[in-house]
Amino acid sequence: MKVGVVTFPGSLDDRDAARAVRECGGEAVPLWHGDADLKGVDAVILPGGFSYGDYLRCGAIARFAPVMDALVPAAQGGLPVLGICNGFQVLTESHLLPGALIRNDHRKFNCVDQRLVVENASTAWTSDFEAGQEITIVLKNGEGGFVADEKTLDVLEGEGRVVFRYVPDADGRNPNGSYRHIAGITNERGNVVGLMPHPEHAVEAGYGPSLDGRGFFTSIIKQTLESAATA
C-alpha cells in the first residue's frame, strides 16, 4: 500500500510522516512539489512545516504548486488525502476543505501534548478509532485557529464533518482560539481530512506523548487493502 508524502520548499515533517507510514506497515513514496505526478499512490499526505516560507498566507503559495494540479482532481475523485498542520492550511487554500486557519488568538506559538476527542470515526483516516475516544498527540503551530462563517460551521456540525475537537482547558478555552473547539474536519465524501495536531509524532514508543497517532495510518492502510481485496 503506497502513501505519497509531498515535500514543498519549507516542509518540516515530511520525513516524520514517511516514517510513520513505514512504522504502520505502508510504503512511503516521496512526491516533489514541482512534479504534477502522484506516482500511482493509494493515498497522499500533505505534511506540516512552512511551505514556501508561509509567505502571503500559510499554504497560499503551495496551492499553486504543480503537484497540486494532480492532487486536487484526484482528491475530488476520491483519493484519500491527509493534511497535517501546514497541510491542513494547504487544503483550505485549495478549497478541498472549507474554512481557514489564522493566527493563534494568544499570538504565541504552541508546542504541547494535546488532548483531542474523535468526533467522526468513519473517514478514510479515522476508521481505527471510535467516536468519542480521547487521544493525545502533539500540537505545534502559530497559525492554528480554525475559523469559518456560522453557516459553514453549522453545515460541518450537521453533516458530521467535524472529525476532531480539542478538549478545552479548565477555563473552557482551546489552544488556539479555534471556533467550536474544532481541531480537524473532513469533506463530504470522507476521503480528505485536515487537522492541526501532528499524529506522525505519536507512533513510536518513547517518542511522543502516546501511540495514538498510529490510528491515522493504520486506518488508511487497512481501508485501502480491504478495498483492493474486494475490487
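Just so we're clear, the structure is a prediction, and the values are computed from it rather than from any experiment.

Draft legend 1. A look at the overall build of the protein chain. Broken down by element type, the protein chain carries 5 helices and 11 strands. Against the compact-globule benchmark of 17 Å for 231 residues, the protein chain has a radius of gyration of 16 Å, which places it among compact chains. Here the protein chain holds 231 residues, and the buried ones make up 55% of them. Contacts spanning at least 24 positions in sequence make up 74% of the contacts within the protein chain whose residues lie at least 6 apart. Summing over all exposed atoms, the protein chain offers an accessible surface of approximately 9900 Å²; the carbon and sulfur share of this is 50%. The positive charge centre, built from 20 side chains, and the negative charge centre, built from 30, are 3 Å apart in the protein chain.

Draft legend 2. View of the state of the cysteines. Taken as a whole and judged by the stated rule, the model has 0 disulfides. In this structure Cys 85 is not part of a disulfide, and its nearest cysteine sulfur, from Cys 58, lies 8.3 Å away. Its relative accessible area of 7% is what places Cys 85 among the buried residues. As a non-bridged cysteine, Cys 111 has Cys 85 as the owner of its nearest cysteine sulfur, 11 Å distant.

Draft legend 3. Layout of the sheet that holds strand 2 (residues 27-32). Taken together, the 9 strands give an open sheet; going across it, the order is 2-1-3-4-11-10-9-6-7, and neighbouring strands pair in mixed fashion. Each edge of the open sheet carries a strand with a single partner, namely strand 2 and strand 7 (134-141). Across this sheet, the average inter-strand angle for adjacent strands is 25°, counted without regard to direction. Summarising the sheet, strand 6 (residues 110-118) and strand 7 pair through 8 bridges and their orientation is antiparallel. Each residue of the ladder has a partner; that of Arg 115, found in strand 7, is Thr 136.

Draft legend 4. Layout of unusual backbone geometry. Located in the positive-phi region is Tyr 52, a residue other than glycine, with phi close to 55°. With respect to the helices, strands and loops of the structure, Tyr 52 is situated in the loop between strand 3 (43-46) and helix 2 (66-76). In this model, Asp 54 sits at a positive phi of 60°, which is unusual for a non-glycine residue. We classify Asp 54 as buried; its relative accessible area is 18%.

Draft legend 5. Representation of the UniProt feature "active site" (unreviewed entry) in the protein chain. Following the UniProt record, the feature "active site" (unreviewed entry) maps to Cys 85, His 198 and Glu 200 here. Over a stretch of 116 residues, the named residues converge on one spot in the fold, their C-alpha atoms separated by at most 11.0 Å. Summarising the element assignment, Cys 85 is placed in the loop between strand 4 (81-84) and helix 3 (86-93). Each residue touching Cys 85, except ones within four places of it in the same chain, is listed here: Gly 48, Lys 140, Asn 141, Leu 195, Met 196 and His 198.

Draft legend 6. Representation of the environment of Phe 216. Position of Phe 216 relative to the elements: it lies in helix 5 (residues 214-230). The exposure class of Phe 216 is buried, given its relative accessible area of 0%. In the structure, Phe 216 is positioned 17 residues away from Pro 199 in sequence and 7.1 Å away in space, judged by C-alpha atoms. Beyond its immediate sequence surroundings of up to four residues, Phe 216 is in contact with Leu 82, Trp 125, Phe 129, Ile 135, Ile 137, Phe 164, Leu 195 and Pro 199.

Draft legend 7. Here's a closer look at the nonpolar core. Among the nonpolar cores identified, the biggest contains 66 residues, and Ile 45 and Leu 46 are the most heavily contacted of them. In terms of residue count, the dominant contributor to this core is helix 2 (6 residues). Apart from residues lying up to four places away in sequence, Ile 45 is in contact with Val 3, Gly 4, Val 5, Val 6, Ala 17, Val 21, Leu 82, Ile 84, Trp 125 and Phe 217.

Draft legend 8. Structural context of the packing of aromatic side chains. For the structure on display, the rule yields 5 aromatic pairs. Aromatic side chains Phe 8 and Tyr 52 sit 6.3 Å apart centroid to centroid with 55° between the ring planes, which places their arrangement in the tilted category. Pair noted here: Phe 8 is in the loop between strand 1 (2-7) and helix 1 (14-23) and Tyr 52 is in the loop between strand 3 and helix 2, with a separation of 44 residues, a long-range link. A centroid spacing of 6.3 Å and a plane angle of 85° characterise the contact between Phe 129 and Phe 164, whose relative ring orientation is edge-to-face. One end of the pair, Phe 129, is in the loop between strand 6 and strand 7; the other, Phe 164, is in strand 9 (residues 162-166), and 35 residues separate them in sequence. By relative accessible area, which is 8% here, Phe 129 ends up buried. Of the aromatic side chains, those joined through ring pairs into one cluster are Phe 129, Phe 164 and Phe 216.

Quick notes on the rules
Residues numbered from 1 in each chain as written. Predicted model: local features only at pLDDT ≥ 70, side-chain atom pairs only at ≥ 80, totals over all residues. Heavy atoms only, no water. Helix = DSSP H or I, 4+ residues; strand = E, 2+ residues; numbered from the N terminus. Rg over C-alpha atoms; globule rule 2.2 N^0.38 Å. Buried < 20%, exposed > 50% of the residue type's maximum accessible area, 1.4 Å probe, protein only. Contact = heavy atoms within 4.5 Å. Areas by Shrake-Rupley, 256 points an atom, 1.4 Å probe, with all protein chains shown as cover. Lys, Arg positive; Asp, Glu negative; His and termini not counted. Charge placed at Lys NZ, Arg CZ, Asp CG, Glu CD. Disulfide = S-S within 2.5 Å. Pairing = 2+ DSSP bridges. Axes fitted to C-alpha atoms, helices over the stretch in contact; angles between N-to-C directions. UniProt positions renumbered as here; feature names shortened; annotations may be inferred. Core = buried A, V, L, I, M, F, W, Y, C linked by side-chain atoms within 4.5 Å. Phe/Tyr/Trp six-rings, centres within 6.5 Å; stacked < 30°, edge-to-face > 60°.

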